[in-house]
Structures are given as C-alpha cells and as structure tokens.
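# Close look at the chain arrangement
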Amino acid sequence: MRNLFAILLLTIVLVSCQKKETSKLTSITLEASVDSLDSPIFFRPINGIDVWDKNMDSLELIKDSIYYGEFNVKAPEYVRFILDKKRFKMFLLPNQNYKITLKDGGILFFGDNAKGQQLYNEFKRTPTGSFSFLNDFDKDTTVVSVKNHVSDLKDKEISQIDKLLKQKEIDEEFYQLLNTDIDYYYANAIVSLADYRRGQVSKEYKQSFENLMDSISKTYSYSVKHKPQNWTDYVMESKIYPEIQSQYSQEQRQEFYAKDSLHPIYMNIIQNLIEEPFREDLLANYILNSSKQTNYEQSLVSVFNEFKTDYPNSEFIQYLENDIDLIRAYQEKVKSDLPSSVTFVEGENINSLEDLLKEFKGQKLYIDVWATWCGPCKKEFSNNHMIADILYEKGYKKLFISLDRKEEKDKWVELIKYYDLSGYHHLANQEFYKDFEKEHSRIQNGITIPQYLIVDENGSVVTNDAPRPGAPGEVLKLLR
C-alpha cells in the first residue's frame, strides 16, 4: 500500500512537471504615459499567415496606465499591434516576458530580447514592389547594381543583429527568427526589382533579370520552419506570379478578370507548385486577401467551397467564412433592380469636370470620386448616411464620379446597387481622367482616391479636398 502511494505521488509530481514544462504562456506588460489609450490590440497570425483583424488579443488595464496580458504561444510568431494610432511589430516567443513603454509617440522594449524587438521596429523598410520602394532603386538598372544595392542594405541589418547576439542582448532563437525575416525581406526585394526591371530592358538583358529571379527562388525556399512576415508576398512574387505570367499574356489575364475566372486559375497554380503543409496556408491566404478586396466575385465562393472540401478540418475556414458570406449576400442583392434614387449622367462630350458640371447648372454638389477597385472608397460608403440629412438641408446633391474603365461598367452598376448609392452617377472616360488629374487632383502627376469636392451653385469648385462623409461636422462647416 505504501509503495502504491509512493507511485501515485511520483505520478502526480511528474504530471505537474510536464504541465509546467509545456506551459507556453508569454506575458506582455505595457506602460502608457498618455492621457487616454484604447485597449492595446495584437493581431496574431495562424500558421504564420496574417488573418487581418480576425484573430486578435488585447491587454487589460490593471491599474492607472498599466496594461497586462498573457498569450498562449505554441511557437514563435510575428505579430502586429497598434498603440496610440501607430503601428508596431514584434516577435512573440513561448515562455517569455516583455515590457513595453509608450512615450511621446514611440515605444521602448524591456525584458526578454528587448534590444532585438527595439531594433526590429527601427529597421527602415518600405513594402517591396511599392512605388516608393522602387524609386529608391532608380539608378540600379543592371543585375549587378540591383544585387549590390540590396546586399548593402541587408548587410547593415545583419551586422546589427550579429552585434546583439555577440553581446548576448538576444538569444539564439530570436536571432534566427530575425535573420530569417531579413533574408526573406531582401530576397523579396530582389525579386520585385528584377520583375520590375525585366519589363523595361531589351530582350538580352531581360533574360538576366529572369535568371536572377529564378536563382533567388531556388536559394530561398518557401519551405521554412517559422514563416517570416512577408512569406506570402515572397512566395506569390517568386513562384506564383511568374508562372501566371509565363502561361498567360496580360490581355488574357485581363479577360479572365473581366469574366471572373482568374481566381480558379491562381488556386490551381498554387495547388500545382506548392507542397503541403504550405499549400493549405497559401490557398487560405489567397482566398482571404482576395475577399478583402471587396470585389465580391462569385468565383471566390466556388474556390472557397473547394477549399472546404479539400480541407474540411482547416483552422482557416472560420476566418474565411464571414467574408464569403458577404460575397453571397452581395450576389443576391445585385440581382435586384436599380432604385429610383439613382440617376446616370451620360454623354459622349463629357471630357472634363467642367463639361459634367454643365449638367447641373444652378445646383450645389458634394462630389465623391471613387472606383470599384478602391477599398477605402467602398469602406467610406458605410458613412454616407452621416451626411445625407446635412446635404438635404443645405440643398446639395450627391454626385458620384467613377474612374473605372468602361470594361468595368457592369461591376460599377453592381456596386451602386449593393452600397445603395443614391444620387447622380457618371463613369469617367480617359479624357475626363487626364483633365481631372491635371486640374483637380490633390496630388501632382496622379490621382488619389477617395476624393471629395464641393461645388457651389455657380459651378465653381469650392474645394477639391473636402472632408469624408465620416466627418459630418467638418463637411457642414464648408456647406453654404
């Protein structure tokens, strides 16, 4: 009996030790010396895949200006978080404790790997493939110059984390995570630059850039233990997009897009080129990001249904379902007729805003310039009700100007139905676009939307930078 008791006691101790050893709780303490702060939100990935705002954790206020939270971290993960309306990032590792101090709009890290977390936020990076990024490499027109420029930037970051490791300011695991992040950011940088340059050079030099892309793809495999922040971008740009471009011309891809048949092609190429378990992750990421563009394509419902069939137990399904339901609702709603409150303003001779305003002599207008591909434009539509009464009371009409191509006319009409865009609507032609860019845009050499304008009863533009519908008080100040 005594032996039995001893065995039971030993079993309890061993189980207790096992539970303690497998505990993955990581703590974050935040001290914020600001007057007011919303509960800090941390956006956490699933299998290294950013699921936008669908998987979030927050810190709780435990006393004045002190927030605290514990996270169950099974494996290292990259997270984004927002403090005082500013974006930051960090790596969460199992069984670590972090302290963050927010002061004067910046942050300071303390605790485990603090110097590494601090350095990660201080890296000066822009999204690869963006115009601001490409402009930094304007003078790099050869393969050698591209590689050398990128290598110089990468070496600076590597030398900084090497120094932290040598000084034992970061541990080996954190070092490897940050080293991988650096590798793949700059691998993606080279791929983006090579892809951009190959469209600008002669056939002879084009091949050298394509060889560079191929070399990078082979050197940095998509098969990586802990996915870096830009893993999905890198795999798409180094593997999937080149395959799409090799199989189909730009004209064909535009035709597929117009016919809503492009998404199944992408999904098929991912299935053919990417092995498991990475295939499931990339397929889910593709569906999620495509759904977030709010173009509401019917084909996304079909590819999602196929994904559910292939991966019935996938953790991603719960994060995809809501956006797919929105697409289903959209497809149902756009079958209805246009409401009587919608009026189209058409004419072959409307080649400028001035030409369009001739149709509204003596009327005051609040103009919304948008396009079907503009996410922020569509997001702002949910605030239209906030200024509807104000515009009515002040005698203003609502005029929507779309900058879409004529090939997008059907989608344009669908979105007018879906968002209940009561008012006047005009689909601008190319001449209108060029004139608007020159005479009424808020920026030089381009147009940024959404853009709002106020026009008085004399047809004069009062402002080409009016407040958005989501700021009704500011709109009211400008209405006469």
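Read on for a plain summary of the structure. Computed from a prediction, not measured in an experiment: that's the story for all the values here.

Criteria and cut-off values
- Residues numbered from 1 in each chain as written.
- Predicted model: local features only at pLDDT ≥ 70, side-chain atom pairs only at ≥ 80, totals over all residues.
- Heavy atoms only, no water.
- Helix = DSSP H or I, 4+ residues; strand = E, 2+ residues; numbered from the N terminus.
- Buried < 20%, exposed > 50% of the residue type's maximum accessible area, 1.4 Å probe, protein only.
- Contact = heavy atoms within 4.5 Å.
- Areas by Shrake-Rupley, 256 points an atom, 1.4 Å probe, with all protein chains shown as cover.
- Lys, Arg positive; Asp, Glu negative; His and termini not counted.
- Charge placed at Lys NZ, Arg CZ, Asp CG, Glu CD.
- Pairing = 2+ DSSP bridges.
- Phe/Tyr/Trp six-rings, centres within 6.5 Å; stacked < 30°, edge-to-face > 60°.
- Lys NZ or Arg CZ within 6 Å of the ring centre and 35° of its normal.
- Arc of directions from axis to C-beta.
- Axes fitted to C-alpha atoms, helices over the stretch in contact; angles between N-to-C directions.

Turning our eyes to something else, we now look at the overall build of the protein. Broken down by element type, the protein carries 18 helices and 15 strands. Structurally, the protein occupies a C-alpha span of about 100 × 65 × 50 Å along its principal axes. Residues classed as buried in the protein amount to 46% of the 480 residues present. Of the contacts made within the protein by residues no fewer than 6 positions apart, 66% connect residues no fewer than 24 positions apart. Accessible surface computed for the protein: about 26,200 Å², of which carbon and sulfur atoms make up 48%. Taken together, the 60 basic and 74 acidic charged side chains of the protein have centroids lying 3 Å from each other.

Turning next to the pairing of strand S4 (residues 60–63). Across 3 bridges, the pairing between S4 and strand S5 (residues 66–72) is antiparallel. The partner of Leu61 across the bridge, within S5, is Tyr67. Where S4 folds back on S5, the antiparallel hairpin that results is connected by 2 residues, among which Ser65 adopts a positive phi of roughly 65 degrees.

Glancing now at the packing of aromatic side chains. Scanning the entire structure with this criterion turns up 30 aromatic pairs. Plain terms: the ring middles of Tyr248 and Phe256 are 5.2 Å apart, the flat faces sit at 85 degrees to each other, and that makes the pair edge-to-face. The class for Tyr248 is partly exposed, based on a relative accessible area of 22%. Ring-pair connections join several aromatic residues into one group, and the members of that group are Tyr296, Tyr330, Trp370, Phe381, Phe400, Tyr418 and Tyr419. The cationic tip of Arg125 hangs over the ring face of Tyr185; the distance from NZ or CZ to the ring centre is 4.4 Å.

Inspection of helix H2 (residues 114–122) places Ala114, Gly116, Gln117, Gln118, Leu119 and Tyr120 among the buried residues, and these make up the whole buried set. Packing partners of the buried residues in H2 comprise strand S6 (77–83), strand S7 (86–92), strand S8 (97–103), strand S9 (106–111), helix H4 (143–166) and helix H5 (172–198).

Of the positions making up helix H15 (residues 385–394), those classed as buried are Ile387, Ile390 and Leu391. Buried residues of H15, seen end-on, are gathered within an arc of 100 degrees and therefore sit on one face of the element. Set apart from the buried face of H15 by more than 90 degrees, the exposed residues are His385, Asp389, Tyr392 and Glu393. Residue Gly395 follows H15 closely and has a positive phi angle near 80 degrees.

The sheet built from 4 strands is open, its strands ordered S3-S2-S6-S7 with antiparallel pairing. Either end of the sheet is taken by a strand with one partner, and the two such strands are strand S3 (56–58) and S7. With strand direction ignored, the average angle separating the axes of adjacent strands in the sheet is 30 degrees. As judged from the 7 bridges shared by S6 and S7, these two strands associate in the antiparallel manner. Each bridged residue has a counterpart across the sheet, and for Tyr78 the counterpart in S7 is Phe91. Along the sheet face, H2 touches S6 and S7 and points at about 140 degrees away from the line of S7.

Remember, this is a structural readout, not a statement about activity or role.
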